[in-house]
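Descriptive analysis of the structure
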Amino acid sequence: MTEQQKVHPVSEEFAANAWADKEKYLSMYQQSVDDPQGFWAEQAKRLDWSKAPTQIKHATFDADNVDIRWFEDGELNACYNCLDRHLERRGDQPAIIWEGDDPSDSKTYSFRELHARTSQLANALKSMGVGKGDTVTLYMPMVPEASMAMLACARIGAIHSVVFGGFSPDALAQRVVDAQSKVVITADESIRGGKHVPLKENVDAALTREGTDVVDKVLVVKRSGGEIDWHEGRDVWFHERVDEQSSDCPAEPMNAEDPLFILYTSGSTGQPKGLKHTTGGYLLHAALTHQYVFDYQEGEVYWCAADVGWITGHSYIVYGPLANGATTLMFEGVPSYPTPGRIGEVIDKHHVSILYTSPTAIRALMAHGDTVMDSSTRNSLRLLGSVGEPINPEAWEWFHRVIGNSKCPIVDTWWQTETGGIMIAPLPGAVDLKPGSATRPFFGVLPALVDNEGNILEGASNGNLVILDSWPGQARSIWQNHERFVQTYFSAYPGKYFTGDGCRRDEDGYYWITGRVDDVINVSGHRMGTAEIESSLVAHQAVAEAAVVGYPHDIKGQGIYIYVTLGDEYEPSDELKKELTQWVRKDIGPIASPDVIQWAPSLPKTRSGKIMRRILRKIAANETDGLGDTSTLADPSVVQDLIENRANR
Ligand code: WTA
């Protein structure tokens, strides 16, 4: 039997105590698709509304009029739902357990403490002129202040836009300008794996860029105490401003469709898109999936090892768990520091029951061999989760056997920045697991596969993954650019939401995500547009043309492979490779570091001048036997040269 065919049946013991067993999952799923209005009206009661919704769902994917609204006459506040409503029953329960980069550094905030500090911060934001509907950009380390900042914005009706701390000043500036943020919240430095990253310095640099004069104030958390420049009148110390505020700050009642946040993500073309998520539907989807997919039980410590800069951190470090009154662990560091077994040590230290991480992190640990986990027992673990990229069955089995001591189900969760929350994943008490498959849709999710012409494929098949109808957590638009939203997601297959992913459905109706079918790549679970990297490269004077593709990488899932055609007066050299590598790192951020650069005297193009990426991908993957039809190429000899000079051996 190959790994792919292995099935891990639901354990009866697990199912007996789970939120959903087989029967319950099937009946709830059926109800959610037969009667979405009734199902979601009922589910919405898990949130506290200042005005309960009577209008449940209003959504059309019709390309002329994409319009998505959930609970549109309801009013609520996301921060209230994450904090205030828990005070009575679990005010003293830990809300956030923070584990610092240094293992001797950790801190706990109870719901009461988190509520008080967040309210002070909300008042501090008000004192800086932030109000309902304003945007605030966060460029922060993984410290509790990051979660507080998100919640404080939500409390006063401001819209946060978190920019991952690994992005460059230019990337940050672009996002600040697009969102028109008046305030940026940052820290002096972040600390990861013992290394300091100069966040404030990056903000200073970003704010010299054109258009960033919209920024009035920069609120700075003192994290490392490292040296920073200070701009009098603009920069404000977080502790000074926040300490002096009252901890009484009413939560602003928001319409369910008021924006909660913007989050930028990469697409196959152009600039990053600011996906707009709104309050009611998003929060409900995050909370409901957090409970059912992770089978979260009262009092457990739950750890999502993502960064708050990504959607995973938004939905499953902050909003989902806190809305459910869960204890959420936040980790500042990297999995292998200071010891390769740190993940296990953190699990033992804080008695973590649920660990949610990425295939890349798992593969990196796996490379150390089984003994990497010898420094911990991980006896507290009950469930494991995976997200961000397809997990190969070998990594799945290792995760299960070594990290999970062969006793924890694994939920492989497929979703996207655009979907707001988990879409396809097993409920662990209900669905037999097949390593490598995200398995079955969550409540209310209607996945389908289509061929390239848009015909719906039935039964076991392989195609493009679309979603046929709206779900509450769906992004409503692209910030200030609804047309692009429609164009990007609803024009390829009219009337359907196109995910950009390829997918196979097996004879049991299980979904197997095969990866992106567009020009987006997933490097270590970080999503990147090849077009962004290309446009960075061609801005370098030596580069005449560049093409970027992903190739299979043992640890990262995909690596970044770059073909560069130099301008006439430039010669290939190792120095130039280094320079181009630095160029991209500086322009976009270290996450976009090229893995392989190949000099290409020219690139394979069709007669109409379109680069044939399919061929470049195959060469990068060393699959040159099946190059397919190259007869449409303007100059087929180009391909032979590229194959002979492959840089990836
Ligand atoms: C990929 C991350 C396979 C997919 C939550 C998707 C996955 C993109 C999985 C979204 C999974 C995410 N199996 N592929 N379990 N989860 N992906 O927006 O290609 O950063 O389209 O959201 O990651 O990445 P994003």
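Keep in mind the model is a prediction, meaning the values are calculated, not measured.

Of regular secondary structure, the protein possesses 20 helices and 31 strands. A principal-axis box enclosing the C-alpha atoms of the protein has dimensions of 75 × 60 × 55 Å. Relative to its 649 residues, the protein shows a buried fraction of 60%. For the protein, contacts bridging at least 24 residues in sequence account for 72% of all contacts bridging at least 6. Here the protein displays about 24,400 Å² of accessible surface, and carbon together with sulfur accounts for 46% of that area. Charged side chains of the protein number 60 positive and 89 negative; the gap between the two group centres comes to 1 Å.

On inspection of all chains with the given rule, the structure shows 32 aromatic pairs. With a centroid separation of 6.4 Å and 5 degrees between ring planes, the pair formed by Phe261 and Tyr319 is classed as stacked. Here Phe261, found in strand β14 (residues 259-265), pairs with Tyr319, found in helix α12 (residues 311-323); they are 58 residues apart in sequence, far enough to count as distant. Ring geometry for Tyr561 versus Tyr563: centroids 4.8 Å apart, planes at 40 degrees, classification tilted. For the pair formed by Tyr561 and Tyr563, the shared burial category is buried. Grouped by ring-pair contacts, the aromatic residues Trp19, Tyr25, Tyr29, Phe39, Trp40, Trp49, Trp70, Phe71, Tyr292, Phe442 and Phe443 constitute a single cluster. Above the face of the Trp237 ring, Lys222 is positioned so that its terminal group lies 4.9 Å from the ring centre.

Contact pair helix α6 (residues 111-127) / helix α7 (residues 144-156): the axes reach a minimum separation of 8 Å and the direction vectors enclose 65 degrees. Once α6 is placed against α7, the crossing between them reads as right-handed. Listed contacts from α7 to Leu114, His115, Arg117, Thr118, Ser119, Leu121, Ala122, Leu125 and Lys126 of α6 are Met148, Ala149, Leu151, Ala152, Cys153, Arg155 and Ile156. Its residues assigned to classes, the contact of α6 with α7 comprises 10 nonpolar, three polar and three charged.

Here the focus is the UniProt feature "modified residue: N6-acetyllysine" (unreviewed entry) in the protein. Cross-referencing UniProt, the feature "modified residue: N6-acetyllysine" (unreviewed entry) maps to Lys610 in the present numbering. Residue classification places Lys610 among the exposed positions, given a relative accessible area of 58%.

Moving on: the nonpolar core. In this structure, Leu121, Leu125, Tyr319 and Phe443 are the most contacted members of the largest nonpolar core, which totals 160 residues. Per-element accounting of this core gives the leading share, nine residues, to α7. Every residue in contact with Leu125, bar those within four places of it in the chain, is listed here: Val130, Ala152, Cys153, Ile156, Val183 and Ile185. Residues Trp303, Val352, Phe399 and Val402 belong to the second largest nonpolar core, which totals 26 residues.

Taken together, 17 residues are adjacent to the ligand, and Asp412, Thr413, Thr417, Asp501 and Arg527 come closest. Within the side chain of Gln416, a nitrogen or oxygen atom sits 2.9 Å from an oxygen atom of the ligand. A distance of 2.6 Å is found between an oxygen atom of the ligand and a side-chain nitrogen or oxygen belonging to Arg527. In the complex, the protein chains occlude 97% of the 520 Å² of accessible area that the ligand would expose alone. Secondary-structure elements contributing two or more residues to the shell around the ligand are α12, β20 (410-413) and β26 (511-516). Residues of the shell around the ligand, tallied by class, amount to six nonpolar, six polar and five charged.

We now examine unusual backbone geometry. Here the amide bond leading from Tyr337 into Pro338 is cis, since omega sits at -5 degrees, within 30 degrees of zero. Its location among the elements puts Pro338 in the loop between β17 (327-331) and α13 (342-350). With a phi angle near 50 degrees, Ser524 is a residue other than glycine that sits in the positive phi range. Mapped onto the elements of the fold, Ser524 is located in the loop between β27 (520-523) and β28 (526-529). Given a relative accessible area of 23%, Ser524 falls into the partly exposed group. Positive phi values are uncommon outside glycine, yet Asn622 reaches one of about 60 degrees. Looking at the secondary structure, you find Asn622 in the loop between α19 (613-620) and α20 (637-644).

Okay, the pattern of salt bridges next. This structure, assessed with the given rule, holds 37 salt bridges. Arg223 is the salt-bridge partner of Glu332, the closest N and O atoms lying 2.6 Å from each other. Of this pair, Glu332 sits in the loop between β17 and α13 while Arg223 sits in the loop between β11 (217-221) and β12 (235-237), placing them 109 residues apart in sequence. The exposure class assigned to Glu332 is buried, which follows from its relative accessible area of 1%. The partner of Arg401 in a salt bridge is Asp370, and the shortest N-O contact between them spans 2.9 Å. With Arg401 in helix α15 (residues 393-403) and Asp370 in the loop between α14 (359-366) and β19 (383-387), this pair connects stretches of sequence that are 31 residues apart. Note on Arg401: relative accessible area 43%, which makes it partly exposed. Residue Asp370 is classed as partly exposed on the basis of its relative accessible area of 36%. If you follow the salt bridges from partner to partner, you end up with Lys200, Asp204, Arg234 and Asp235 in one network.

Reading the values: the criteria
- One numbering rule holds for all chains: residues counted from 1, following each sequence as written.
- The model is predicted, so local features are restricted to residues of pLDDT at least 70 and side-chain atom pairs to those at 80 or more, both for listing and for counting; the totals for chains, interfaces and linings are taken over all residues.
- Side-chain numbers come from the whole structure's heavy atoms, not from hydrogens or water.
- For the purposes of this entry, the term helix denotes a DSSP run of H or I that reaches at least four residues, the term strand denotes a run of E that reaches at least two, and both are numbered from the N terminus.
- Only protein chains enter the accessibility calculation, which uses a 1.4 Å probe. A residue is then buried if its area is under 20% of the maximum for its type, exposed if over 50%, and partly exposed in between.
- Working rule for contacts: check all heavy atoms of both residues, and any pair within 4.5 Å makes them a contact.
- All accessibility values rest on the Shrake-Rupley procedure with a 1.4 Å probe; residue burial counts only the protein chains present in the view.
- Charge counting treats Lys and Arg as positive and Asp and Glu as negative, with His and both chain ends excluded.
- For the purpose of locating charges, the reference atoms are NZ of Lys, CZ of Arg, CG of Asp and CD of Glu.
- Pairing of aromatic rings covers Phe, Tyr and the six-membered ring of Trp, with a centre-to-centre limit of 6.5 Å; geometry is then stacked below 30 degrees between planes, edge-to-face above 60, and tilted otherwise.
- Here, a charge over a ring is recorded when the distance from Lys NZ or Arg CZ to the ring centre is within 6 Å and its angle to the ring normal is within 35 degrees.
- Working convention: axes come from line fits to C-alpha atoms, limited for helices to the stretch in contact. Angles between N-to-C directions cover 0 to 180 degrees.
- A clockwise turn of the near helix away from the far one marks a right-handed crossing, whereas an anticlockwise turn of less than a right angle marks a left-handed crossing.
- As a working rule, the residues Ala, Val, Leu, Ile, Met, Phe, Trp, Tyr, Cys and Pro are called nonpolar, Asp, Glu, Lys and Arg charged, and the rest polar, with Gly in that last group.
- UniProt positions are given in the numbering used here, feature names are shortened, and annotations may be inferred rather than shown by experiment.
- Each nonpolar core is a collection of buried residues, namely Ala, Val, Leu, Ile, Met, Phe, Trp, Tyr and Cys, held together in the definition by side-chain atoms within 4.5 Å.
- Residues are counted as near a molecule or strand when any one of their heavy atoms sits within 4 Å of it.
- Counting of polar contacts relies on pairs of N or O atoms within 3.5 Å, with two restrictions inside protein: one atom must be capable of donating a hydrogen and the other of accepting it, and residues adjacent in sequence are counted only when both atoms are side-chain atoms.
- Note on definitions: salt bridges are taken to be side-chain nitrogens of Lys or Arg within 4 Å of carboxyl oxygens of Asp or Glu.

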